[in-house]
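Geometric and topological summary
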Amino acid sequence: MEQLLAAVETLAAEDLAPLFGPALLDRLGPLLVAQNRLAAEVARTVREAEVSGAAEVDGLKTMASWLRGHAHLSAAEAARVVRTGRALAQLPGMAAALAAGTVTAEQAAVIGRVAEPEHLTRAAEQDVDLGGVDTVLTQVAITRPHADVARAVHHYLDRLDADGPEPDPTGGRRLVIARHADGSISGRFDLDAMGGEKLQAALESLVQAGRGAGEERTRGQQLADALVQLCDNQLASGQLPVLRGHKPQVIVKVGIEDLVDPATGRGAAELGFGATVSAARARWLACDGAVSRIVLGPGGMPLEHGRTVRLVPPHVRRAAEVRDGGCVFTGCGAPTHWCDVHHLLAWIDGGQTSLANSALLCERHHTKVHHGFRVERQPDGRWRTRRPDGSEIRTGPLRTGPGRTGPPLPAAA
């Protein structure tokens, strides 16, 4: 082990700056093989530790928990390593390929599914030659992309249980959300084929409906915006289940000094699930929200609770929906039920909550307007949109070069 670590230190000390493309790729290839071989040793060692109950030495029950706590692996990665270790003894062909570095740890984990107890039982009942399956799947892993390995394993498992009962599609569904220090979240999810189809259909409808002229967002950004808009629509519909006597809603707690101060005020407002946002963001959320006044005493205890007031009353919103017909940001076709009512002159700056001072904006373009873009209504009733630099966004054929009024439209697919 000391020799291995010394060799890694020697590699880490090499200066890569003088190397160029081919030389870097020549160096990368053996490193990837070594990574696979190390993964094989990790899985093999984890399996032996599991069999011998080694985790008990550190007061833990399973190797998965040991890997999470001591190796700082995620729950998903720890489970993957444990499953791979269990599969090595049942699939010697795959184990040899992983040890040789020709199969990746990720591929081995996928192939390892065929060695799970219920699948081994079905294979034995049907006199399936597990050795032959091991050979075929290992060869696919060596010669084909990862997606092909997953499809091959899925095909085998389907054939193995062709006459069995239809599995519960919800059994394998999971969604894991991780919250970061700045309040943002990331995560991963697993859905069955039908659940995935429903999600994709819902998101695609929002992506296509929300595509404006000169779209510059990546596909990933469009899908993320669509997911937020989907949540926005559901929260606004008022049809979600009641939580502790109240309809679910986005809650923001901000001090009155920060709320009325025009400064950004970073980290001044607290959201319902514990994240913090700027006072500027809180003012944006309040643009079409309900405000409750709560007076706190020196110890943080509420002394007085005022009546909740909705900044945009229903009759103003209905009038704006009739007048605007949807998001007024140039090139956007979002319908009225996607939109917030934006105050052209901020209510905190004395802007009236009136039809003349209102504009319908979808969630994405409401954000844009609070970050430098501007919408303005002309005397003839038409809306215009300007970028932070003052240039106007226009749709239709545009000139490029000096004097152009906007970015060139993307080429047709």
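Reference entry: report on the structure contained in this document.

What counts, and at which threshold
Residues numbered from 1 in each chain as written. Predicted model: local features only at pLDDT ≥ 70, side-chain atom pairs only at ≥ 80, totals over all residues. Heavy atoms only, no water. Helix = DSSP H or I, 4+ residues; strand = E, 2+ residues; numbered from the N terminus. Buried < 20%, exposed > 50% of the residue type's maximum accessible area, 1.4 Å probe, protein only. Contact = heavy atoms within 4.5 Å. Areas by Shrake-Rupley, 256 points an atom, 1.4 Å probe, with all protein chains shown as cover. Polar contact = N/O pair within 3.5 Å; in protein donor to acceptor, adjacent residues only side chain to side chain. Expected span 1.5 Å × (residues − 1). Arc of directions from axis to C-beta. Patch = residues over 30% accessible without salt bridge, like charges linked within 9 Å, V, L, I, M, F, W, Y side chains within 5 Å. Salt bridge = Lys/Arg side-chain N within 4 Å of Asp/Glu carboxyl O. Axes fitted to C-alpha atoms, helices over the stretch in contact; angles between N-to-C directions. Parallel < 35°, antiparallel > 145°, perpendicular 65-115°, else oblique. Left-handed = near helix turned anticlockwise from the far one by under 90°.

**Here's the deal with the overall build of the protein**
- When helices and strands are counted, the protein shows 15 helices and 14 strands.
- The proportion of buried residues among the 413 residues of the protein is 29%.
- For the protein, the proportion of contacts with a sequence separation of at least 24, taken over those separated by at least 6, is 46%.
- Summing over all exposed atoms, the protein offers an accessible surface of approximately 26000 Å²; the carbon and sulfur share of this is 57%.

**So, the side chain of Thr 138**
- Along the chain, the position of Thr 138 falls in helix 8 (residues 130-143).
- A distance of 3.3 Å separates a polar atom in the side chain of Thr 138 from the backbone nitrogen of Met 94.
- Excluding its chain neighbours within four sequence positions, the residues that come into contact with Thr 138 are Gly 93, Met 94, Ala 97, Val 103 and Ile 111.

**Some points on helix 11 (residues 219-237)**
- Between its first and last C-alpha atoms helix 11 spans 27 Å; for 19 residues at 1.5 Å apiece the expected length is 27 Å, and the two agree.
- Of the positions making up helix 11, those classed as buried are Gln 222, Ala 226, Gln 229 and Asn 233. All buried residues of helix 11 project into a common sector of 65° when viewed along the axis, lining one side.
- Elements in contact with the buried residues of helix 11: helix 10 (193-209), strand 11 (358-362) and helix 15 (363-369).
- Following helix 11 by one or two positions, Gly 238 adopts a phi angle in the positive range, close to 75°.

**Points about a nonpolar patch on the surface**
- Together, Met 1, Leu 4, Leu 5, Val 8 and Leu 38 make up a nonpolar patch on the protein surface, roughly 500 Å² of accessible area in all.
- A total of three residues in the nonpolar patch trace back to one element, the largest contributor, which is helix 1 (residues 2-13).
- Its place among the elements puts Leu 5 in helix 1.

**Notes on the packing of helix 7 (residues 117-125) against helix 9 (residues 146-160)**
- Here helix 7 crosses helix 9 at 55°, and the two axes come no closer than 10 Å. The angle between helix 7 and helix 9 falls in the class oblique. For the element pair helix 7 and helix 9, the recorded crossing hand is left-handed. Judged by residue contacts, His 119, Arg 122 and Ala 123 of helix 7 engage Tyr 156, Leu 157 and Leu 160 from helix 9.

In short, shape yes, function no, at least from these values alone.
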